[in-house]
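Secondary and tertiary structure notes
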Amino acid sequence: MARSQLLLALLCLAASLGAQAAGSGGRKMVGVYELRMGDFSVKVTNWGARLMSLVLPDSKGNLADVVLGKDTIAEYVNDTSYFGPITGRVGQRISRGRFVLDGKVYHLERNDGRNTLHGGGRGFHKVIWTVEEYMPDGDSPYITFYYRSFDGEQGFPGNLDVYVTYRLSAPYTLGVHMNATALDRATPVNLLLHTYWNLGGHGSGDVLGHTLGLFASRYTVLDVDLLPSSGRVAPVAGTPFDFRAPTAIGSRIRQVTGGKVVGYDANYVIDGEQERMRPVAQVQDGASGRAVELWANQATVQLYTGNWLNNTKGKDGKVYNQYAGFTLETMGYVDAVNHPEFPSQTLLAGQEYKHDMVLKFSF
Ligand SMILES: *[C@@H]1O[C@H](CO)[C@@H](O)[C@H](O)[C@H]1NC(C)=O
Ligand SMILES: *[C@@H]1O[C@H](CO)[C@@H](O)[C@H](O)[C@H]1NC(C)=O
Ligand SMILES: *[C@@H]1O[C@H](CO)[C@@H](O)[C@H](O)[C@H]1NC(C)=O
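The model shown is predicted, which means the values in this text are computed figures rather than measured ones. (Residues numbered from 1 in each chain as written. Chains lettered and ligands numbered in written order. Predicted model: local features only at pLDDT ≥ 70, side-chain atom pairs only at ≥ 80, totals over all residues. Heavy atoms only, no water.)

**Brief notes about the overall build of the protein chain**
In terms of helices and strands, the protein chain carries three helices and 28 strands. Computed over the C-alpha atoms, the radius of gyration of the protein chain is 19 Å, within 12% of the 21 Å expected from 2.2 N^0.38 for a compact globule of 363 residues. For the protein chain, the C-alpha atoms occupy an extent of roughly 60 × 55 × 35 Å along the three principal directions. Across the 363 residues that make up the protein chain, the buried fraction comes to 56%. Pairs at least 24 apart in sequence give 67% of the contacts found in the protein chain among residues at least 6 apart. (Helix = DSSP H or I, 4+ residues; strand = E, 2+ residues; numbered from the N terminus. Rg over C-alpha atoms; globule rule 2.2 N^0.38 Å. Buried < 20%, exposed > 50% of the residue type's maximum accessible area, 1.4 Å probe, protein only. Contact = heavy atoms within 4.5 Å.)

Okay, structure coming up:
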């Protein structure tokens, strides 16, 4: 308790000093950092390497922030919805919070019933990252966060160096580049970006009318705990998971009842070669005219429709209810460390992990 109170006090102090933190590259202090290219801008924080906002125009020129989140860093501390962070060391779920590597059993913190979710209760989303480099404007504004995850953190083996770069690589284009190096032991690594999007603007209502296209003809079948316990990969054809032809998110959502609440929390295998950069999804909001195209070099993508949002306090006095946003979390296979039939997400000592995402917005 003492530790978390100290951390909170530190965060509140840091948040109140946020303005001064900008530009203090390399220091372990929590701050909010902006990247700007004309009327396109994002805000991020090193508390969880988190995307806090993304602002762009609609077809009539009206600006809106299309990312769900909180107003202050302090409010993210108790957040249970994972608004915007990088999650790791292993995103999504690990069955029973355990795995075996090199004949040794590892036990993780269980924070989702009997399973581990998003790297444990104090995963990468709840640690302070170092601001390694920061270029707020110019031709290609970017910020790089760095985190050294220690041997035994949340139960994971070995020291791990992790970098995350957010870059405005062109007008209305956001690149998210993650890499990690296992320094001394083998370890699973499976990072993801857990941003909730609403192209009509955060807090503008639900996303059921957004049109979604997914470059995925197969999905991993998840059980009631959202684990791929059967190891089965099934065709989407003939199921409400089929978004190969762009379809309104809400058109079949009532049929998706496999989890503990109605809505999508589904994992798709992205068509094409696993490590190649390729299209993953396209989403369009007819009302605002905003659209986004997502590219990545990962094997799978988790589609989540904010099924558990319920009177959740958001930014600017807005309240987020069920389906107020969607996430598209590119990643490796869920719980790969417990499924030898899936492509491995385990790094050997000295090996590197790379995860690139590009989000191309238009309006
Ligand atoms: C977070 O939760 C703790 C414990 O419940 C509480 O004392 C604190 O005020 C909360 N912080 C915020 C910013 O809501
Ligand atoms: C990871 O990214 C950082 C920041 O861009 C870079 O300095 C480093 O060389 C990269 N590491 C690997 C192994 O690619
Ligand atoms: C939302 O929360 C209220 C209580 O705050 C509860 O009565 C209601 O059942 C919840 N709705 C859902 C969909 O979980």
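**Comments concerning the nonpolar core**
Counting 69 residues, the largest nonpolar core has Leu 54, Tyr 166, Leu 174, Tyr 268 and Phe 361 as the members making the most contacts within it. Ranked by size, the runner-up nonpolar core spans 14 residues in total, among them Ile 73, Val 77, Tyr 304 and Leu 309. (Core = buried A, V, L, I, M, F, W, Y, C linked by side-chain atoms within 4.5 Å.)

**Considering the layout of surface pockets**
Each pocket or cavity is described by its volume, and for the largest pocket that value is around 750 Å³. Residue lining of the largest pocket: 39 residues in total, with Arg 93, Leu 226, Asp 265, Tyr 304 and Trp 308 positioned closest to the centre. Every element with two or more residues in the lining of the largest pocket is listed here: β17 (218-220) and β20 (265-269). Taken together, the residues that form the lining of the largest pocket break down as 15 nonpolar, 16 polar and eight charged. (1 Å grid on protein atoms, 1.4 Å probe; cavity = no way out; pocket = protein on both sides within 12 Å on 5 of 7 lines; lining within 4 Å. Points joined across faces, edges and corners; volume = space filled by probe spheres on them. Nonpolar A, V, L, I, M, F, W, Y, C, P; charged D, E, K, R; others polar.)

**Considering the site of ligand 2**
Taken together, Thr 144, Tyr 163, Thr 165, Asn 179, Thr 181, Glu 352 and Lys 354 are the residues near ligand 2. Asn 179 places a side-chain nitrogen or oxygen 2.3 Å from an oxygen atom of ligand 2. Within the side chain of Lys 354, one N or O atom sits 2.7 Å away from an oxygen atom of ligand 2. Contact with the protein chains covers 55% of the free accessible surface of ligand 2, which is 360 Å². (Near = heavy atom within 4 Å. Polar contact = N/O pair within 3.5 Å; in protein donor to acceptor, adjacent residues only side chain to side chain. Areas by Shrake-Rupley, 256 points an atom, 1.4 Å probe, with all protein chains shown as cover.)

**A few points about the UniProt feature "active site" (unreviewed entry) in the protein chain**
Under the UniProt annotation, the feature "active site" (unreviewed entry) is placed at His 194 and Glu 329. Considering the C-alpha atoms alone, the annotated residues occupy 136 residues of sequence yet fold into one spot, their largest mutual distance being 6.0 Å. Looking only at the residues we just named, the largest pocket is lined by His 194 and Glu 329. With respect to the secondary-structure elements, His 194 resides in the loop between β15 (192-193) and β16 (211-214). Those residues in contact with His 194 that sit more than four places away from it in its chain are Ser 81, Tyr 82, Phe 83, Gly 84, Pro 85, Thr 87, His 118, Tyr 304, Thr 327 and Glu 329. Of note, Glu 329 is situated in strand β26 (residues 327-331). Owing to a relative accessible area of 1%, Glu 329 belongs among the buried residues under this scheme. (UniProt positions renumbered as here; feature names shortened; annotations may be inferred.)

**What about the sheet that holds strand β23 (residues 300-304)?**
Pairing is antiparallel across the open sheet formed by five strands, whose spatial order is β18-β17-β20-β23-β26. Two strands in the sheet have a free side with no partner beyond their single neighbour: β18 (233-235) and β26. Put simply, the sheet's adjacent strands are angled 30 degrees from each other on average, direction ignored. Both β23 and β26 contribute to a ladder of five bridges, which runs antiparallel. Looking at the pairing, Val 301 lines up with Thr 330 of β26. (Pairing = 2+ DSSP bridges. Axes fitted to C-alpha atoms, helices over the stretch in contact; angles between N-to-C directions.)

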